[in-house]
Amino acid sequence: MPDVRANPDAEPIVSLKEVHKRFGDNHVLRGVSLDVGRGEVVAIIGKSGSGKSTALRCMDYLETIDSGAITVCGHRVDQHDVDLKALRLDIGIVFQSYNLFPHLTVEENIMLAPRSVKKMPKSEARQLAHRMLGQVGLLEKASQYPEQLSGGQQQRAAIARSLAMEPKVMLFDEVTSALDPQLTGEVLRVIEDLAAKGMTMIMVTHEMNFARRVASTIVFMNDGKIWEQGDASILNNPQTEALQDFLRNEL
Amino acid sequence: MNASFAMGYLTFLLQGALWTVGLSVIALLWGGASALVVALCRISPLRSLRVATALYIQLVQGTPVLVIIFLIYFGLPSLGWSVSPLLAASLSLSIYVSAYLGESWRASIQSVPRAQWETAECLALSRLQRMSKVILPQAVRIATPPTVGFMVQIIKNTSLASIVGFIELVRAGQIINNTIFQPFLIYLLIAILYFGMCYPLSILSRRLEIRGSDKAYA
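What counts and how
Residues numbered from 1 in each chain as written. Chains lettered and ligands numbered in written order. Predicted model: local features only at pLDDT ≥ 70, side-chain atom pairs only at ≥ 80, totals over all residues. Helix = DSSP H or I, 4+ residues; strand = E, 2+ residues; numbered from the N terminus. Rg over C-alpha atoms; globule rule 2.2 N^0.38 Å. Buried ≥ 20, exposed ≤ 12 C-beta atoms within 10 Å, placed from the backbone. Contact = placed C-beta atoms within 7 Å. Nonpolar A, V, L, I, M, F, W, Y, C, P; charged D, E, K, R; others polar. Axes fitted to C-alpha atoms, helices over the stretch in contact; angles between N-to-C directions. Parallel < 35°, antiparallel > 145°, perpendicular 65-115°, else oblique. Left-handed = near helix turned anticlockwise from the far one by under 90°. pLDDT = per-residue confidence, 0-100. Pairing = 2+ DSSP bridges. Expected span 1.5 Å × (residues − 1). Core = buried A, V, L, I, M, F, W, Y, C linked by C-beta atoms within 7 Å.

### Some points on the overall build of chain A
Of the regular secondary structure elements, chain A holds nine helices and ten strands. Relative to a compact globule of 251 residues, whose C-alpha radius of gyration would be 18 Å, chain A shows 18 Å and is just as compact. Judged by the C-alpha coordinates and their principal axes, chain A covers about 55 × 45 × 40 Å. Counting only residues that meet the buried cut, chain A has 50% of its 251 residues in that class.

Shown next as structure tokens:
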């Protein structure tokens, strides 16, 4: 994967410094530091319980951190007076369970935020929705309800819904983990397309081959810390026993 | 008892039944509007508001509707407010409805998966938008069958208004009975009329519930 960053030396778009997070007695993040530059595609891998999803959720202020600093697109996410609306306009996030709104059709799902938040006129929002659905190959499903779609289609629609808000960073939280193996491909292709277009992305994933192919940086988390970080070559030559074990179990 | 005489009684009874329906509709509309406020206060981020509404619900649910009617019909005039039987009945039934439906609707709102709220939040929707455009439309579907079922309780409880002299179905029957002294016949007729109003609602509630569970979201 060539380095698609416009300017790798520029200010990172997402930056975590010594982030700690506890859930009660459970010390989930134990000093995580990570810089992500514009156009970078970062894949976070690791066992379940290693803190990778929590790290991702902290970036969107879905969890508050106990100490450390997080900056995303210039917003200080660690501070309590962070402008959440401005933050959420800059970040798109897609979840494992798609979370489409079941009472709205696919296109209405996509139109809701542009209309409510950006006050976009209805016809313009519909055009936008159709453009986004075209991008994820679901144009013909525009007027259907989520329950009429397969899991893979729902997840693609959820990605289209996020993209419609034109985020600067996309976060993907194990977006293929709830899907049958034959449905993961269609979702991964959509993400791969986005990567090719230069979207900055951070994804928590179990799809090792996908991470190897698409990610510019692979981050291995274990026990609430980053143990190894680098390009795909770290998967061929793991330095720590934990990553060796992890890769053995994944294959 | 000649036929036209009997027709007169029947008309009077049916007029009473109409007031039973009218009072139920008033209680449902006023009570329902208050119930929405109660439900939203119960899930408010403000602790004091949550505690205050919880207390209100406990107070109302722990008090017989009859006592609430007495409080309003006899209690308020002693404080210098005059209250008509219709107003007293409407007000007390609305209070009763607001507490029960409020609690039921709170449960409906909270049974919409948390992830829906979180997803709407991540799309930059404001609190009000999340509630009105994402959560409430889903909660309404969940709340409809039990609400229709609860309308049966409202209809039956309007009979309490007879005690303060409001002429609904039961009071109409009492008045007729005072002239013709045929309690079994009259109260049987009243029971049939109540059943005729309540049974279709019970059936509808069941149908809605079955249809809802068929179309349950994945």
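### So, the interface of chain A and chain B
Counting from both sides, the interface comprises 18 residues of chain A and, opposite them, 15 residues of chain B. For the side of chain A that touches chain B, the secondary structure elements donating two or more residues are α2 (84-90) and α3 (106-118) of chain A. Examining the composition of the side of chain A that touches chain B, we find that four residues originate from one element, α3(A), more than from any other. Residues that form the side of chain A that touches chain B fall into these classes: ten nonpolar, four polar and four charged.

### Some points on the packing of helix α3 (residues 65-78) of chain B against helix α4 (residues 85-110) of chain B
All names here are of chain B. Across the interface, α3 lies against α4 with an axial gap of 9 Å and an inter-helix angle of 135°. By the criterion of interaxial angle, the relationship of α3 to α4 is oblique. Read as a crossing pair, α3 and α4 show a hand that is right-handed. From α3, Val-65, Ile-68, Ile-69, Ile-72 and Tyr-73 reach across to α4, where they touch Pro-85, Ala-88, Ala-89, Leu-91, Ser-92, Ile-95 and Tyr-96.

### A closer look at the confidence of the model for chain B
Taken residue by residue, chain B gives an average pLDDT of 93. The fraction at 70 or more is 96%. Taken over the whole predicted complex, pTM reads 0.86, whereas the ipTM for its chain interfaces reads 0.90.

### Things to note about the environment of A:Arg248
Turning to its location among the elements, A:Arg248 is positioned in helix α9 (residues 241-250). Along the primary structure A:Arg248 and A:His75 are separated by 173 residues, whereas in three dimensions their C-alpha atoms are 39 Å apart.

### Looking at the pairing of strand β2 (residues 26-36) of chain A
All names here are of chain A. Bridge count between strand β1 (residues 14-23) and β2: eight bridges; the pairing is antiparallel. The residue of β2 that forms the bridge with Val-19 is Val-32. With antiparallel pairing between neighbouring strands as the criterion, β1 and β2 make up a hairpin whose turn holds two residues, including Gly-24 at a positive phi of roughly 65°.

### So, the sheet that holds strand β7 (residues 169-173) of chain A
To summarise the sheet geometry, strands pair through backbone hydrogen bonds and adopt either a parallel or an antiparallel arrangement. Residue and element names in this part refer to chain A. Pairing is mixed across the open sheet formed by six strands, whose spatial order is β6-β7-β8-β3-β9-β10. Every other strand in the sheet has two partners, leaving β6 (91-94) and β10 (225-230) as the edge strands with one partner each. In this sheet, neighbouring strand axes are inclined to one another by 15° on average, regardless of whether the strands run parallel or antiparallel. Sheet analysis places strand β9 (residues 217-222) next to β10, joined by five bridges and oriented antiparallel. By the bridge assignment, Val-219 is partnered in β10 with Gln-229. On the sheet, helix α5 (residues 151-163) packs against β6 and β7 and is oriented at approximately 170° with respect to β6.

### Structural notes on the confidence of the model for chain A
Averaged over chain A, the pLDDT score is 92; the fraction of residues at 70 or greater is 96%. Looking at the elements of chain A, mean pLDDT is at its lowest for α9(A), recorded as 89, and at its highest for α3(A), recorded as 97.

### Examining α5(A)
Along an α-helix, a turn takes 3.6 residues, which lines up residues three or four apart on a common side. All names here are of chain A. When the terminal C-alpha atoms of α5 are compared, their 18 Å separation across 13 residues agrees well with the 18 Å that a helix rising 1.5 Å per residue should span. Summarising burial for α5: twelve of the 13 residues are buried, a large majority. Listed in full, the buried residues belonging to α5 are Gly-152, Gln-153, Gln-154, Gln-155, Arg-156, Ala-157, Ala-158, Ile-159, Ala-160, Arg-161, Ser-162 and Leu-163.

### Thoughts on the packing of helix α5 (residues 114-122) of chain B against helix α6 (residues 127-157) of chain B
Residues and elements named next belong to chain B. One way to put it is that α5 packs onto α6 with a least axis distance of 10 Å and a crossing angle of 155°. Judged by the inter-axis angle, α5 sits roughly antiparallel to α6. Note that α5 runs across α6; the crossing there is right-handed. The residues of α6 that touch α5, namely those facing Gln-116, Trp-117, Ala-120 and Glu-121, are Arg-130, Val-134, Ile-135 and Gln-138. Partitioned by chemical class, the residues of the contact of α5 with α6 number four nonpolar, two polar and two charged.

### Some words on helix α7 (residues 169-180) of chain B
Residues and elements named next belong to chain B. Across its twelve residues, α7 extends 17 Å between first and last C-alpha, which sits within 8% of the 16 Å expected from 1.5 Å per residue. What α7 keeps buried is the set Leu-169, Val-170, Arg-171, Ala-172, Gly-173 and Ile-176. Positive backbone phi, at 50°, marks Phe-181, one or two positions downstream of α7.

### Quick look at the sheet that holds β2(A)
All names here are of chain A. Read across the sheet, four strands follow the order β2-β1-β4-β5 without closing on themselves; strand pairing throughout is antiparallel. In this open sheet, the two edge strands, each paired with only one partner strand, are β2 and β5 (75-76). Where strand β4 (residues 67-72) and β5 come together, two bridges link them in antiparallel fashion. Of the residues in β5, the one forming a bridge with Val-72 is His-75.

### Section: the environment of B:Glu168
Residue and element names in this part refer to chain B. Within the fold, Glu-168 resides in the loop between α6 and α7. For the pair Glu-168 and Leu-23, spaced 145 residues apart in the sequence, the C-alpha separation amounts to 8.3 Å. For Glu-168, the residues in contact, after removing those within four places along its chain, are Gly-16, Trp-19, Thr-20, Leu-23, Thr-158, Ser-159, Ala-161 and Ser-162.

### Digging into the nonpolar core
A:Ile44, A:Ala160 and A:Ile202 are the most contacted members of the largest nonpolar core, which totals 123 residues. With sequence-adjacent residues up to four places away left out, A:Ile44 is seen in contact with A:Lys52, A:Ala55, A:Ile202, A:Met203, A:Val204, A:Val219 and A:Met221. Counting seven residues, the second-largest nonpolar core is a separate cluster that includes B:Leu169, B:Val170, B:Ala172 and B:Ile176.

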